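For reference, the chains in residue letters:
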Amino acid sequence: MIFYISIFILIIFLIYTNALTDAPNAISTVVGTKVLKFKDAAFISAIFNLIGIIVMSILNFSVADFIFSMIDMSNKIQGLSIIFSAILSTIVFSNVALLFGIPTSETHSLIAGITGALIACKKIDAISIKEWEQIIIGLVISIIGTYIVTKMINIVSKKYIKNNISDSIKRKLQILSSAGVSFMHGAQDGQKFIGVIIAYQMLIRNEAIVQSVSPENYFWVIVLVSVVMFVGVATGGRKIVETLGNDITELNYDDALVSDFSSILILLISSLNGIPISTSHVKTVSIFGAVDKDKKVNFGKVSDIFKAWIYTFPICILIAYVCMKGLMFIM
């Protein structure tokens, strides 16, 4: 029983960690351009994260299905141990990165952790090639796709927006666009944690394995994830905001709008197609792609962020592997 409770507490802490390390990306531009103060932006972001989780859970549950399907459900204790190991690796990696103000992807940390745990219990055959293909597609979309889309939106912005709309309107648009990114963060990342909780619940109850789940049967899970995400976004994440909003480059209103709208578009397309994608990746690349060549960019900070993304997979796989081996020895 203590083990079951510990896992549930870890899941809640994971959602809260995501709200501290990933969700703040959505408000980095609106705070970076000083349109909103951090606390005001965080509160608005928290509300729209909550709405995004609920709305996307009703419209399209495919991202939750994706995460749910990665967890081996054939053995109760083993399945719960996989969840425990994957979550622990994600929390450790994300919080260490947070100390340095580096945004991380809980999406990839969690997936790497699940993979590491499966390797530890010799369930390599349970690692789906198809699911990893989806992950690679998501990486390509979040980095290359975001950069291309951002540059295209930047061209359109220069032609129709930059010199034709006043700064006061741009400031108002920024509030709306940051709310939109927050909505899409909730829509993407919220579903991942919903998938984990559903897998946890089914393992606890020894319920039959299903290929997909229906959102109407797990409304309490959707509400729980929404509330925890709301609290996390509203209470922290300042370091991440400072990194993306100030440390990479100096943003103006046009840069911020281009970054926000390209992020919304990429996240929306990915969510509707059930492709797990990182808000951190999308937002960071969109900021980098939104600024013109003549602007000074802190490539040292950009390099640190990209290194963290690369280290995510081997480090989280290793941590989860060691944790899983330890649990197998104890149990």
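Our structure's up above, just so we're on the same page.
Residues numbered from 1 in each chain as written. Predicted model: local features only at pLDDT ≥ 70, side-chain atom pairs only at ≥ 80, totals over all residues. Heavy atoms only, no water.

Participant: Help me understand the packing of helix α6 (residues 106-120) against helix α13 (residues 299-330), please; the structure alone is not making it clear to me.
Facilitator: Packed helix pairs are characterised by how far apart their axes lie and by the angle those axes make with each other. For the pair α6 and α13, interaxial distance at closest approach is 7 Å and the crossing angle is 45°. The pairing of α6 with α13 is recorded here as oblique in orientation. Judged by the sense of rotation from one axis to the other, the crossing of α6 with α13 is right-handed. Taking contact as the criterion, the partners of H108, S109, A112, G113, G116, A117, I119 and A120 in α6 are, on α13, T312, F313, C316, I317, A320, Y321, M324, K325 and M328. Partitioned by chemical class, the residues of the contact of α6 with α13 number 11 nonpolar, five polar and one charged. (Axes fitted to C-alpha atoms, helices over the stretch in contact; angles between N-to-C directions. Helix = DSSP H or I, 4+ residues; strand = E, 2+ residues; numbered from the N terminus. Parallel < 35°, antiparallel > 145°, perpendicular 65-115°, else oblique. Left-handed = near helix turned anticlockwise from the far one by under 90°. Contact = heavy atoms within 4.5 Å. Nonpolar A, V, L, I, M, F, W, Y, C, P; charged D, E, K, R; others polar.)

Participant: Looking at this structure, I do not really get the side chain of S45. What am I missing?
Facilitator: Along the polypeptide, S45 turns up in helix α3 (residues 38-59). Excluding residues that lie within four positions of it along the chain, S45 makes contacts with A23, A26, I27, S182 and V233.

Participant: What should I look at first to understand the packing of aromatic side chains in this one?
Facilitator: Any two aromatic rings considered together are summarised by their centre-to-centre distance and by the angle between their planes. Inspection of the entire model under this criterion finds six aromatic pairs. Look at F43 and F230: their rings are 6.0 Å apart centre to centre, the planes differ by 75°, and that puts the pair in the edge-to-face class. One end of the pair, F43, is in helix α3; the other, F230, is in helix α9 (residues 219-235), with 187 residues separating them in the sequence. A relative accessible area of 44% places F43 in the partly exposed class. On the basis of relative accessibility, which here comes to 24%, the residue F230 falls in the partly exposed class. Between Y147 and F288, the aromatic rings sit 6.3 Å apart at their centres with planes inclined by 35°, giving tilted as the arrangement. Separated by 141 residues along the polypeptide, Y147 in helix α7 (residues 129-160) and F288 in helix α12 (residues 279-290) bring together distant segments of the chain. (Phe/Tyr/Trp six-rings, centres within 6.5 Å; stacked < 30°, edge-to-face > 60°. Buried < 20%, exposed > 50% of the residue type's maximum accessible area, 1.4 Å probe, protein only.)

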